[in-house]
Each structure stands twice: as C-alpha cells, then as structure tokens.
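Structural characterization, general
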Amino acid sequence: AKATGSNNICFYDKSMDQAARERSALAMDMRTGLQRGEFQLYFQKQNNTKSGEVIGFEVLLRWLHPRRGMVSPVEFIPIAERTGFIMELGDWVLRQACVEAVKWGNPLKIAVNVAPKQLANANFPQRVREILAETGLDPARLELEITESGIIVDQQHALLIIRQLKAIGVKIAMDDYGTGYSSLSTLQLFPFDKIKIDRGFIDNVADNRQSAAIVRSTLILAQSLDIPVLAEGVENAEHLRFLQDEGCEQVQGYFYGRPQPLSEIQDIVNPPPAA
Ligand code: C2E
Ligand code: CA
Ligand code: CA
Ligand code: CA
C-alpha cells in the first residue's frame, strides 16, 4: 500500500493493474481487428417448441484474435461499450447479418443484439432503415434484441426510438427477461414483439421451485399480454419438456444447437431442392 495525499490509503493491486492493461490492449486491437476481418458472425437456431422446426437464428458475434485465439463476447462487448466502439461494431454486425440473411433461400428470421448505446442514439432508426434499403432485407425478417439496461436510463427516449423502429417494420424482443429489476413495468410500457426468458431461469427449472414459478408466471403474463415467449438456454430434453408442458412457444439452446458459423447452417438456410 502507498499513502496518498490525505489519510487515505490506496492499495496498489498488481492484478487489477494487469486486468486494466489487458482491457486497453483489447480495446486497441478491436479497431484493427474489425478492419482485418477478425470478427465473424455465428448463428444459433431458434426453434418452435412443439414442432421442433427452425424459425430463425440469433446472431452472435465472435472474435478470432490473431494471438489470443477466440475471445468471448462476454469479454469484449463490455469493453466495446465502455470505449464507444460498440457503435461501429454494432453497425457492422447489423449490416453483415442483413447482407447474409438476404441471400438465404429460406426466408428465416434473424435476431440481432443491440447494445444500450446504439439504442440510445437518435439516429439509430434511420441507420436501420438505410441498412435494410441497402441490403434489401425484408424488415419483417429482422428482430432487434434489446435489454432492460438499454431502456431504463431514459424511458421516454427509448420508447420513441422503439416506436420508430416498429414503424419500419422490424420486430423488437426483450432480451434476458427476469434479470432486470423492473421487468413488469417495462412490459407494460414497451410494445415488445417477443420476450426472451433469461437462461438463468431455465437452467434449474426442473429442480428449483422458484425458477419454475418465475417461468410459469412469465408465460401466463405474456399470454395475457399476447406476447410470444422464447426460452433461452434450453440444454436438455427435461428443459424442453417442461417448456412444452407450460406452453412456451419458442426455444433456443444447446439442445437444438450451439452458435455456428454460416458454413455450418447452409443445409437449413439454403435447403437442397426436394428430390
Ligand atoms: P445473449 O444475447 O443473452 O446471448 C445468449 C448467450 O447464451 C450466447 O452467448 C449463447 O452462446 C449462449 N447460449 C445459448 N444457448 C445456450 C445454452 O443452452 N446453454 C448455455 N450455457 N449458454 C447458451 P455468447 O455468444 O457468448 O454471447 C454472450 C453475450 O454477448 C450475449 O448474451 C450478448 O449479450 C453479447 N453479444 C454477443 N454478440 C453480440 C452482438 O453482436 N452485439 C451485442 N451488443 N452484444 C452481443
Ligand atoms: Ca440476445
Ligand atoms: Ca439473452
Ligand atoms: Ca445475456
């Protein structure tokens, strides 16, 4: 520990310093990484709970760093949000997702994550309109996933932007439902087209009464509000059965498939003509 000006003692933590250096190194690498094509879109199936049929894909960003290998978005997205680079990165993801999806023979939906800073930008709806016009993607195929943290700072502003987005014809999903602190009032105020129940609740739905109760009551609430629900993190047949029994319409998770590169979903997005 070293003494600072007053009586305060500042504990100098080597490992914290190391982590901070690491973060700023990643922040710098990100910019060049995007130019060098190190970022790649992965796609994870979303399935109809009853039929098992694929209804769309969530787009998940991956970064293949030349020295570090695969860096998780859990690591780099928060850094990109802090530095503001998420604006550029998020724009690239959205555009790239539309560029790819418009080529598919099967007009499946794509769900793209939108960071709080992107959503807060008054120009965001205009940017979405431009990307759709440039790429030619049908707006009805695009779903934007937003989290509660993206709408609680300035609810009225967020509501205005969401209305503009819906006027374009894109869909809005509430991501990570249940992890925020005011989910109920948020549902009342915002015109969501879908609710995605956070995977934290699905994980122990079979043996934890609280999680089961939260999932059940969310499904009942959503039904009465007439909003479809997708459950995230469906990893096994037990999870799926519970959700089928409770009337959850859509699922996403390792049970049906992990996020995959575009090359590995070709049989779904461009199915061979029937013989
Ligand atoms: P998210 O939006 O909640 O995405 C779902 C995460 O759950 C993904 O992690 C996915 O791979 C993982 N997952 C899916 N099914 C299962 C399952 O059955 N079990 C388990 N244990 N996990 C499952 P991933 O790809 O590592 O992404 C983490 C987070 O990073 C995302 O959480 C999202 O918040 C953020 N993210 C990823 N791509 C983007 C992006 O393009 N833009 C923004 N703003 N955020 C992104
Ligand atoms: Ca998401
Ligand atoms: Ca989620
Ligand atoms: Ca999440």
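Residues numbered from 1 in each chain as written. Chains lettered and ligands numbered in written order. Predicted model: local features only at pLDDT ≥ 70, side-chain atom pairs only at ≥ 80, totals over all residues. Heavy atoms only, no water.

Per an unreviewed UniProt entry, the recorded name for the chain is EAL domain-containing protein, and the organism is Peteryoungia algae.

Taken as a whole, this structure holds 14 salt bridges when the rule is applied. Among the salt bridges present, the one from aspartate 91 reaches arginine 127, with a minimum N-O distance of 2.6 Å. Note that aspartate 91 is positioned in helix α3 (residues 86-101) and arginine 127 in helix α5 (residues 124-135), a separation of 36 residues in sequence. The exposure class assigned to aspartate 91 is partly exposed, which follows from its relative accessible area of 22%. (Salt bridge = Lys/Arg side-chain N within 4 Å of Asp/Glu carboxyl O. Helix = DSSP H or I, 4+ residues; strand = E, 2+ residues; numbered from the N terminus. Buried < 20%, exposed > 50% of the residue type's maximum accessible area, 1.4 Å probe, protein only.)

The full set close to ligand 1 counts 21 residues, and Gln44, Leu61, Arg62, Glu235 and Tyr254 are the nearest of them. One of the side-chain nitrogen or oxygen atoms of asparagine 113 is found 3.1 Å away from an oxygen atom of ligand 1. Protein contact buries 84% of the 800 Å² of open area that ligand 1 shows by itself. Among the elements of the structure, β4 (54-65), α2 (73-83) and β8 (171-177) are those that each provide at least two residues to the shell around ligand 1. Its residues placed into classes, the shell around ligand 1 shows 10 nonpolar, four polar and seven charged. (Near = heavy atom within 4 Å. Polar contact = N/O pair within 3.5 Å; in protein donor to acceptor, adjacent residues only side chain to side chain. Areas by Shrake-Rupley, 256 points an atom, 1.4 Å probe, with all protein chains shown as cover. Nonpolar A, V, L, I, M, F, W, Y, C, P; charged D, E, K, R; others polar.)

Moving on, we get to the coordination of the calcium ion (ligand 3). Where a metal carries four tetrahedral donors, each ideal angle is 109.5 degrees; where it carries six octahedral donors, the ideal angles are 90 or 180 degrees. At the metal site, the calcium ion (ligand 3) is ligated by Asp175 (OD), Asp176 (OD), Glu232 (OE) and Glu232 (OE), and these contacts range over 2.2 to 2.5 Å. Between consecutive donor residues of the calcium ion (ligand 3), the sequence gaps follow D-D-x55-E. Taken as an interatomic distance, the gap from the calcium ion (ligand 3) to the calcium ion (ligand 2) is 3.8 Å; aspartate 175 donates to each of them. Of this pair, aspartate 175 sits in strand β8 while glutamate 232 sits in the loop between β10 (229-231) and α10 (237-245), and the two are 57 residues apart along the sequence. By relative accessible area, which is 7% here, aspartate 175 ends up buried. (Donors = N, O, S within 2.8 Å, 3.2 Å for Na, K, Ca; no water.)

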